[in-house]
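# Architecture at a glance
Residues per chain are reported as follows:
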Amino acid sequence: MEKRIQPKRVGTKVIIPCRASYVHLDAPWSNDDKSEKKYSLSCIIPKDDKETIAVIDAAIAEAKQSGVSSKWSGKMPRTLKNPVHDGDVERPDDEAYKGTIYLSASSKTAVRTLNRLRQDIPVTDIYSGCYVLVSITFFPYSVSGNGIGAGLNIVMKTDDGEKIGGGGDSSKDFDGMDLGVDEGLDDM
């Protein structure tokens, strides 16, 4: 049995083991025309990983306390956007999110991607479904409402996993089409 990677927390920064989803590390991305494009990914964590969830909760609690003095005029807002979501509630029809919590982390600048040997790897090696260690810093904000954000610092791939959201061999889509080349020629 492989040893499970333990989460780590230093203040509002956490390093957590998770499964990557909605990976946008090769180029900045936004799901609408109003939001700033950022490098991002979603972290999927099983609900039974109590240790990782406790580390995340503690870092968020510290970020909230920081926000009281730095962003929210000395008091905790009544409503506060939380970066952590319940997969069973928010994505009930998505098998990858069953029995999980998840959060999205982003960065305005490209983030480093590493392998287990701490060597740089291409960002394309990180895909939706693989397993990663992610360094995230939680921070308070007061723009378009009050909440806690999740800043993406660095991503380390720890293992492959079944791809989430397709990703099969799409080249078969072109089977049976006359593409103007002889099939079987390898000199292209």
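About the thresholds
- Residues numbered from 1 in each chain as written.
- Predicted model: local features only at pLDDT ≥ 70, side-chain atom pairs only at ≥ 80, totals over all residues.
- Heavy atoms only, no water.
- Helix = DSSP H or I, 4+ residues; strand = E, 2+ residues; numbered from the N terminus.
- Buried < 20%, exposed > 50% of the residue type's maximum accessible area, 1.4 Å probe, protein only.
- Contact = heavy atoms within 4.5 Å.
- Areas by Shrake-Rupley, 256 points an atom, 1.4 Å probe, with all protein chains shown as cover.
- Phe/Tyr/Trp six-rings, centres within 6.5 Å; stacked < 30°, edge-to-face > 60°.
- Lys NZ or Arg CZ within 6 Å of the ring centre and 35° of its normal.
- Salt bridge = Lys/Arg side-chain N within 4 Å of Asp/Glu carboxyl O.
- Core = buried A, V, L, I, M, F, W, Y, C linked by side-chain atoms within 4.5 Å.

This part covers the overall build of the protein chain. When you go through the protein chain residue by residue, the secondary structure sums to two helices and eight strands. Out of the 188 residues in the protein chain, the part that is buried amounts to 37%. Long-range pairs, those at least 24 residues apart, make up 66% of the contacts in the protein chain between residues at least 6 apart in sequence. Taken as a whole, the protein chain presents about 11900 Å² of accessible surface, with 49% of it coming from carbon and sulfur.

Moving on to the packing of aromatic side chains. On inspection of all chains with the given rule, the structure shows one aromatic pair. Both rings, one in Tyr97 and one in Tyr102, keep their centres 5.0 Å apart while their planes meet at 80°; by these two values the pair is edge-to-face. On the accessibility criterion, Tyr102 (8% relative accessible area) is buried. Cation over ring: Arg91 sits above Tyr97, and NZ or CZ is 4.9 Å from the ring centre. It is Lys163 that lies over the ring of Tyr127; its NZ or CZ is 5.4 Å from the centre.

Following the criterion strictly, the structure yields nine salt bridges and no others. Two residues, Asp86 and Lys47, come together in a salt bridge whose shortest N-O distance is 2.9 Å. You can see Asp86 sitting in strand β4 (residues 84-86) and its partner Lys47 sitting in the loop between β3 (38-46) and α1 (50-70), a full 39 residues away along the chain. Across the salt bridge formed by Asp88 and Lys47, the nearest N and O atoms sit 2.7 Å from each other. Of this pair, Asp88 sits in helix α2 (residues 87-90) while Lys47 sits in the loop between β3 and α1, and the two are 41 residues apart along the sequence. Classification of Asp88 as partly exposed rests on a relative accessible area of 34%. Assessed through its relative accessible area of 26%, Lys47 is described here as partly exposed.

Let us look at the nonpolar core. Counting residues in each nonpolar core, the largest one holds 33 residues, and the members touching the most others are Cys43, Ile45, Leu103, Val134, Ile136, Phe138 and Val155. Of all the secondary structure elements, the ones that give two or more residues to this core are β2 (13-29), β3, α1, β5 (100-107), β7 (131-141) and β8 (147-159). When residues in this core are grouped by element, the largest group, seven residues, is from α1. Setting aside residues up to four positions removed in sequence, Val134 forms contacts with Val14, Ile15, Ile16, Cys18, Leu41, Cys43, Leu152, Ile154 and Val155. Counting residues in hydrophobic clusters, the runner-up holds five residues, among them Ile44, Ala96, Tyr97 and Tyr102.

This part takes up the side chain of Ser42. Secondary-structure assignment places Ser42 in strand β3. According to the relative accessible area criterion, Ser42 is buried, its value standing at 3%. Setting aside its immediate chain neighbours within four residues, Ser42 contacts Arg19, Ala20, Ser21, Tyr22, Tyr97, Tyr102, Leu103 and Ser104.

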